Amino acid sequence: MMKKTNKLMPSSFLVSLSHSITGITCCPPPASFQFHSHFLLFSTNKSNPNPKPHFPTHANLQQLLLEKSKTGFDKLDDALAVFDKMLHMKPLPSVYQFAQLLAALVKMKQYSVAVSVFRDMCVQSISLNIVTFNTIINCFCHLNRVDYAFSLLAGTIKHGFVPNVVTYTTLIRGLISQDNPAEAQLLFTNLVRFKVIQPDVVTYNTIINGLSKRGHISTAVMLFRYMEKKGCKPNTITYSTLIDCLCKLRLVDQALGLLHEMTKKGITPNVITYSSLIQGLCDFNRWQDVNQLLSEMNTRNISPNVHTFNILVDAYGKEGMINDAEDVIEFMIQRGQHPDVVTYNALMDGYCLRGEVDKALAVLETTMKRRGIVPNTRSYTILINGYCKKLKVDRAVDLFQQLPREGLSPNIYTYTTILQGYFLTGRHVEAQKFFKEKMMLNKGLKIGMVTCNTMLDGLFKNRCMDEAMSFFHLMQCNGLTPHIGSYNIMINGLCKNGNFEKAKIMFESLPSKDLLPNVRTYNIMIQGFLQEGLLDQASELFVGMKANDCLPDDVTYNTLIRGCFHNKKYNEAGVLIDEMVSHRFSADASTASLFLNLLESKEQDQNLLALRKRFLSPACY
């Protein structure tokens, strides 16, 4: 029988809370959760139909379960065999040992099996406790059945147990994992308001992590300050979570501020904290700050791990600093860290960005093979992309066809790269055939907007106007809703193929589709107006984009300045140059070349001559 506690909250309140606090409708109790019988096939000796049962002693069982609850069993059959033997032991093992068995199954990520074992424990009237209930609530959350988890919460209360902070933290984590951060926050708020639990740092970290991962950084910081106010001390995980989120949102200076705050409070950062900051600084090419953090890690005796080194290899590779990337790999080997497939993928990507695809291929065929590292689909996709960019599509196709022979399956990115390669080399007929025969007929391939936009862009650039328009309509008929990027491709394609009026109509229709033009959209249309000789309309659109809170970029200014030059509007060009410089944008090569050509002409326009000194000043370059 279950042991009941005397420290009960009013059950009516708790049941009401579990049913209504998050707006979730509870499903039937978990005892009715249906699983196939193979989940409870216990290990037997099939060679001997009547084996002599071997029962471990309670002491041996206790030692075994203590170990396996931390690591999990090597095989599922072993875990189920132990459960079978536990059911036949006299006396029955304690509830704590059954809880350890469930914990071992969770370690093995056998959540469905754990639920089946729990159900069988109920059928056998084996004693339960709050730990076993919490374990199964956790399993339901991992199975994306938070509704069943809340049903089990009600069952927990019904059987006389008081849900604790672990119970509710697990439920909150489950809600967040199913992308319901608002409901998780509401549950937490009500638990605190009605004093059902005293949240601990794990509870706060769970919610802060969920909010951060979904970009709600301001709310996460507010909760962070609230926990401090309530006397719950943040730990390294709390700070690391917020720092990682800030870095991903490119708010790296605020993240550095939190690092300073946590060290000032005596909370020690770890390798995860520093890795997030290094990634954030690498994104801005702040190498001096990166070196300072690496030095600080060394002072604190915090060793970079493989992930930290991979961030550096990737960052150096993307900047074309391939020698630095190789130095990092050599250094990590010296420090006893083993490069993995991610490390060498980053190095290969760096070579390909420099156009040195054959060197990238040598990394895959020689270096990785020598170190016993098996390439993955991304390894080949990087090479395929590299050869496509070098216009060596046939070589890329050879690698594409090699994937199955290596036991690998190409993914949507691999297919899209080949598609783009065909278009880049003007082989649009082969591109369309590849899309229809290799992609559309592949039931395991999910074709999304990136692939469709590649198809659209390729058709337009290869002057396949009718095919592009048909494909755009086909996308919509198949339930794909084009976003602003798709419309940018369409509008640009129409402009470049002499259909400016159609492009203008499509641009004007965007509000009716609940789409906002972005700076790319405006740049395309401004260029389109200028190609039609409509400088005034282009200037009006420039004013309109600022009124719509879409800030011009360097492309916008350079395009308009060239338009003014072509139309001999030198005074207007001067105003735009001043504005461009004030925003720290520079004249591009085309604008500078056009202006220098004007200076060399015999035209003696006073406004043109007045621009010379201003335009050639260092601020413009």
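Please read these numbers as outputs of a predicted model, since none were measured by experiment.

## So, the overall build of the protein
Piece 1. Helices and strands together make up the secondary structure of the protein, namely 33 helices and 0 strands.
Piece 2. Looking at the 621 residues of the protein, the share that counts as buried comes to 48%.
Piece 3. For the protein, the share of sequence-separated contacts (at least 6 apart) that also reach a separation of at least 24 residues comes to 64%.
Piece 4. Only carbon and sulfur atoms are counted for the fraction: they give 53% of the accessible area of the protein, which is about 32500 Å².

## Considering unusual backbone geometry
Piece 1. The linkage connecting Lys 90 with the following residue, Pro 91, adopts the cis geometry, with an omega of -5°.
Piece 2. By the element assignment, Pro 91 lies in the loop between helix H3 (76-87) and helix H4 (95-107).
Piece 3. For Asp 179, which is not a glycine, the phi torsion comes out positive at approximately 60°.
Piece 4. Relative to the helices and strands, Asp 179 is located in the loop between helix H8 (165-177) and helix H9 (181-193).
Piece 5. A positive phi is found at Asn 285, a non-glycine position, where the angle reads about 55°.

## Considering the pattern of salt bridges
Piece 1. Summed over the entire model, instances satisfying the criterion amount to 19 salt bridges.
Piece 2. Of the charged contacts, one joins Glu 261 and Lys 265 as a salt bridge, the two residues approaching to 3.2 Å between their closest N and O atoms.
Piece 3. Salt-bridge contacts for Glu 356 lead to Arg 354; the nearest nitrogen and oxygen are separated by 3.2 Å.
Piece 4. Ionic contacts of the salt-bridge type, sharing partners, join the residues Arg 225, Glu 228, Glu 261 and Lys 265 into one network.

## Thoughts on helix H29 (residues 535-547)
Piece 1. Compared with the 18 Å implied by 1.5 Å per residue over 13 residues, the 19 Å span of H29 between its first and last C-alpha is a close match.
Piece 2. Within the sequence span of H29, burial applies to Leu 535, Ala 538, Leu 541, Phe 542 and Met 545. Considered in projection along H29, the buried side chains sweep an arc of 115° and stay on one side of the axis. Facing away from the buried side of H29 by more than 90 degrees, the exposed set consists of Asp 536, Glu 540, Val 543 and Ala 547.
Piece 3. Residues of H29 that are buried sit in contact with helix H27 (500-508), helix H28 (519-531), helix H30 (554-566) and helix H31 (570-582).
Piece 4. Positive phi appears at Asp 549, one or two residues downstream of H29, with a value of about 60°.

## A short note on the packing of helix H12 (residues 236-248) against helix H13 (residues 252-264)
Piece 1. Running from amino to carboxyl end, H12 crosses H13 at an angle of 165°, the nearest separation of the two axes being 8 Å. When the axes of H12 and H13 are compared, the pair comes out roughly antiparallel. In the crossing of H12 with H13, the sense of the turn from one axis to the other is left-handed. Residues Thr 236, Tyr 239, Leu 242, Ile 243, Leu 246 and Cys 247 of H12 touch H13, and the partners they reach there are Val 252, Gln 254, Ala 255, Leu 258, Leu 259, Glu 261 and Met 262.
Piece 2. Split into classes, the residues belonging to the contact of H12 with H13 amount to 10 nonpolar, 2 polar and 1 charged.

## Quick notes on the packing of H12 against helix H14 (residues 271-283)
Piece 1. It is the contact of H12 with H14, at a shortest axis distance of 9 Å, that shows an interaxial angle of 10°. The angle between the axes of H12 and H14 places the two elements in the roughly parallel class. The way H12 lies across H14 gives a crossing that is left-handed. Of the residues in H14, those in contact with Thr 236, Ser 240, Ile 243, Asp 244 and Cys 247 of H12 are Thr 273, Ser 276, Leu 277 and Gly 280.
Piece 2. Here the contact of H12 with H14 is built from residues that sort into 3 nonpolar, 5 polar and 1 charged.

## Topic: the packing of aromatic side chains
Piece 1. As enumerated under the stated definition, the model contains 20 aromatic pairs in all.
Piece 2. Between Phe 309 and Phe 331 the ring centres are 6.0 Å apart and the planes differ by 70°, which places this aromatic pair in the edge-to-face class. Residue Phe 309 is located in helix H16 (residues 306-318), and its partner Phe 331 is located in helix H17 (residues 322-334); the two are separated by 22 residues in the primary sequence.
Piece 3. With relative accessibility at 39%, the residue Phe 331 sits in the partly exposed group.
Piece 4. One aromatic cluster in this structure is built from Phe 400, Tyr 415, Tyr 422 and Phe 434.
Piece 5. Stacked on the ring of Tyr 148, the Lys or Arg Arg 145 has its end atom at 4.4 Å from the ring centre.
Piece 6. In this structure, Arg 250 is placed above the aromatic ring of Phe 284, and the distance from its NZ or CZ to the ring centre is 4.3 Å.

## Describing the confidence of the model for the protein
Piece 1. Taken as a whole, the protein shows an average pLDDT of 88; of its residues, 89% reach a score of 70 or greater.
Piece 2. Predicted confidence is poor over residues 1-53, with pLDDT under 50, and the contacts of this stretch with residues over four places away or in other chains come to 91 contacts.

## Re the environment of Asn 134
Piece 1. Summarising the element assignment, Asn 134 is placed in helix H6 (residues 130-142).
Piece 2. Note: C-alpha distance between Asn 134 and Thr 170 (36 residues apart in sequence) is 7.7 Å.

## A short note on H30
Piece 1. Relative to the 18 Å expected for 13 residues at 1.5 Å per residue, H30 spans 18 Å between its end C-alpha atoms, a close match to the ideal helical length.
Piece 2. The buried fraction of H30 is high, at 10 of 13 residues.
Piece 3. Taken as a whole, H30 has its buried residues at Thr 556, Tyr 557, Asn 558, Thr 559, Leu 560, Ile 561, Arg 562, Gly 563, Cys 564 and Phe 565.
Piece 4. Its side-chain oxygen 3.1 Å from the backbone nitrogen of Val 555, Asp 553 forms the N-cap of H30.

## Topic: the side chain of Thr 169
Piece 1. Following the sequence through the fold, Thr 169 ends up in helix H8.
Piece 2. On the accessibility criterion, Thr 169 (5% relative accessible area) is buried.
Piece 3. A distance of 2.8 Å separates a polar atom in the side chain of Thr 169 from a polar atom in the side chain of Thr 203.

Rules behind the numbers
Residues numbered from 1 in each chain as written. Predicted model: local features only at pLDDT ≥ 70, side-chain atom pairs only at ≥ 80, totals over all residues. Heavy atoms only, no water. Helix = DSSP H or I, 4+ residues; strand = E, 2+ residues; numbered from the N terminus. Buried < 20%, exposed > 50% of the residue type's maximum accessible area, 1.4 Å probe, protein only. Contact = heavy atoms within 4.5 Å. Areas by Shrake-Rupley, 256 points an atom, 1.4 Å probe, with all protein chains shown as cover. Salt bridge = Lys/Arg side-chain N within 4 Å of Asp/Glu carboxyl O. Expected span 1.5 Å × (residues − 1). Arc of directions from axis to C-beta. Axes fitted to C-alpha atoms, helices over the stretch in contact; angles between N-to-C directions. Parallel < 35°, antiparallel > 145°, perpendicular 65-115°, else oblique. Left-handed = near helix turned anticlockwise from the far one by under 90°. Nonpolar A, V, L, I, M, F, W, Y, C, P; charged D, E, K, R; others polar. Phe/Tyr/Trp six-rings, centres within 6.5 Å; stacked < 30°, edge-to-face > 60°. Lys NZ or Arg CZ within 6 Å of the ring centre and 35° of its normal. pLDDT = per-residue confidence, 0-100. Polar contact = N/O pair within 3.5 Å; in protein donor to acceptor, adjacent residues only side chain to side chain.

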